[in-house]
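Summary of structural features
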Amino acid sequence: MKDLSDILSEKKYLGDISEISHNKKIPVISYEVGRLLEVIIFIKKPKHVLEIGCGEGYSSYFLAKNLKKASFTGIDLNSKRLAKAEEFISSNFPELDINFYSGNALKIIPQLKLKFDFVFIDAAKYEYPDYLEILIEKLEKKALIIADNIFYSEKVFARVVKEHDKKSVEGLKKFVAMMQNKKIFDTRFIDIGDGLSISIFKK
Ligand SMILES: C[S@@+](CC[C@H](N)C(=O)[O-])C[C@H]1O[C@@H](n2cnc3c(N)ncnc32)[C@H](O)[C@@H]1O
């Protein structure tokens, strides 16, 4: 983006992409969460960004947009979505060092050579604690970890949880408890989109 007026055409472009995902029943981050990610990246200027659950790349766009001389790694279980994400991000940001891996993040992350200073988690809610456990080894000091869907349509606050949601709610609650370990993370929760956690890795 070069001019202020480009923001309107970008908004339309992103709106169309998010609508296509919604039509295909792929849940994506909210536009506001995307813009927040974009700003945090602009301020933090990370060098190695990892996204767990990149889908077709809508969220990856916001993560990649302000990266400079940096790498972006995206992982998704679904190979068709991943191929779309790779095409979308490489065509929009040809200067970026990108790596897209199709498969289970729990198997892929331990094999990655890089260490990351920014991680965005938006995959299977019941697996959030498992992602965190294997991520620790792969984090730079002061890395930022942001996770989406922490409130899970406010189901994490409900006293009665439907059977269908139990695994996800349990996973999210365990993840929140892990993130509240003050020796390892400094964490804030933000009520935008479906709830975000933002944590600084203290080690
Ligand atoms: C909510 S969608 C991601 C949407 C995307 N972040 C966006 O906003 O455009 C969640 C994605 O996580 C992926 N996923 C679920 N479990 C995974 C796992 N264990 N490893 C890698 N990807 C996973 C799914 O295939 C799905 O595409």
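Please refer to the structure placed before this passage.
Given the structure is predicted, the values throughout are model-derived calculations rather than measurements. (Residues numbered from 1 in each chain as written. Predicted model: local features only at pLDDT ≥ 70, side-chain atom pairs only at ≥ 80, totals over all residues. Heavy atoms only, no water.)

Notes on the packing of aromatic side chains
What counts here: Between rings of Phe, Tyr and Trp, where Trp is taken as its six-membered ring, a pair exists when centres lie within 6.5 Å; planes separated by under 30 degrees are stacked, by over 60 edge-to-face, and by other angles tilted. Each helix corresponds to a stretch of at least 4 residues labelled H or I by DSSP, and each strand to a stretch of at least 2 residues labelled E; elements are numbered beginning at the N terminus. Three exposure classes are used, based on accessible area relative to the maximum for each residue type with a 1.4 Å probe and protein chains only: buried under 20%, partly exposed in between, and exposed over 50%.
The full count for this structure, using the stated rule, is twelve aromatic pairs. Taken together, a centroid distance of 5.2 Å and an interplanar angle of 85° make the contact between Tyr58 and Phe62 edge-to-face. Of this pair, Tyr58 and Phe62 are both found in helix H3 (residues 58-65), four residues apart, which corresponds to roughly one turn of the helix. For the residue pair Tyr58 and Phe62, the accessibility class agrees, reading buried in each case.

A short note on the site of the ligand
Applied cut-off: Working definition: residue near molecule or strand if any one of its non-hydrogen atoms lies within 4 Å of it. Polar contact is the term for a pair of N or O atoms within 3.5 Å; when the atoms are in protein, one must be able to donate a hydrogen and the other to accept it, and sequence-neighboring residues count only if both atoms are side-chain atoms. Under the convention used here, a 1.4 Å probe and the Shrake-Rupley method define accessible areas, while residue burial counts only the protein chains that appear. Site definitions follow a grid-based scheme: protein atoms alone, a 1 Å grid, a 1.4 Å probe that fits but cannot get out for cavities, and for pockets an open set with protein on both sides within 12 Å along at least five of seven lines, plus lining residues having an atom within 4 Å of a point. Molecule-in-pocket calls rest on the fraction of atoms, with more than half required to lie within 2 Å of the cavity or pocket grid points. Residue classes follow a fixed rule: Ala, Val, Leu, Ile, Met, Phe, Trp, Tyr, Cys and Pro count as nonpolar, while Asp, Glu, Lys and Arg count as charged, and any other residue, Gly among them, counts as polar.
As a structural note, the neighbourhood of the ligand is formed by 21 residues, with Ser59, Asp76, Arg81, Asp122 and Glu127 the closest of them. In the environment of the ligand, a nitrogen atom lies 3.0 Å from a nitrogen or oxygen atom belonging to the backbone of Leu77. The separation between a nitrogen atom of the ligand and a polar side-chain atom of Tyr131 is 3.4 Å. Protein chains shield 91% of the accessible area of the ligand, which is 600 Å² for the free molecule. Among the detected pockets, the ligand sits in the largest pocket. Broken down by class, the residue content of the shell around the ligand amounts to ten nonpolar, six polar and five charged.

A word on the packing of helix H1 (residues 6-23) against H3
Convention followed: With axes taken as lines fitted to C-alpha atoms, and helix axes fitted only over the stretch in contact, angles between N-to-C directions fall between 0 and 180 degrees. Throughout, a residue-residue contact means that at least one pair of heavy atoms, one from each residue, lies within 4.5 Å.
The interhelical angle for the contact between H1 and H3, taken along N-to-C directions, is 150°, at an axis separation of 9 Å. Where H1 approaches H3, its residues Glu10, Tyr13, Leu14, Ile17 and Ser18 are matched on the opposing element by Tyr58, Tyr61, Phe62 and Lys65.

As for the layout of surface pockets
Under the convention used in this document: Grid points are joined across faces, edges and corners, and a volume is the space filled by probe spheres set on the points.
Taken as a whole, the largest pocket spans an internal volume of roughly 580 Å³. In terms of lining, the largest pocket is formed by 33 residues, of which the most central are Pro27, Gly53, Asp76, Asp122 and Ala123. Grouping the constituent residues of the lining of the largest pocket by class yields 14 nonpolar, eleven polar and eight charged.

Here we look at the pattern of salt bridges
This is how the line gets drawn: Basic side-chain nitrogens of Lys or Arg form a salt bridge, by our definition, when they fall within 4 Å of a carboxyl oxygen of Asp or Glu.
Tallied over the entire structure, the rule returns nine salt bridges. Between Glu10 and Arg35 there is a salt bridge; the shortest N-O distance is 2.9 Å. Of the two residues, Glu10 is situated in helix H1 and Arg35 in helix H2 (residues 31-44); the sequence distance between them amounts to 25 residues. With respect to burial, Glu10 and Arg35 carry one shared label: buried. Linked by salt bridges that have partners in common, Glu10, Arg35, Glu38 and Lys65 make up one network.

Description of the nonpolar core
Put simply, the rule reads: Definition used in this section: a nonpolar core is a set of buried Ala, Val, Leu, Ile, Met, Phe, Trp, Tyr and Cys residues joined via side-chain atoms within 4.5 Å.
Within the largest apolar cluster, 31 residues are counted, with the highest numbers of intra-cluster contacts made by Leu37, Phe72, Ile89, Phe100, Phe118 and Ile146. For this core, the elements supplying multiple residues, two or more each, are H1, H2, H3, helix H4 (79-92), strand S3 (97-102), strand S4 (116-121), strand S5 (139-147) and strand S7 (196-201). With sequence-adjacent residues up to four places away left out, Phe100 is seen in contact with Cys54, Phe72, Gly74, Leu82, Ala85, Glu86 and Ile89. Counting residues in each nonpolar core, the second largest holds 30 residues, with Leu50, Tyr131, Ile150 and Val176 among its members.

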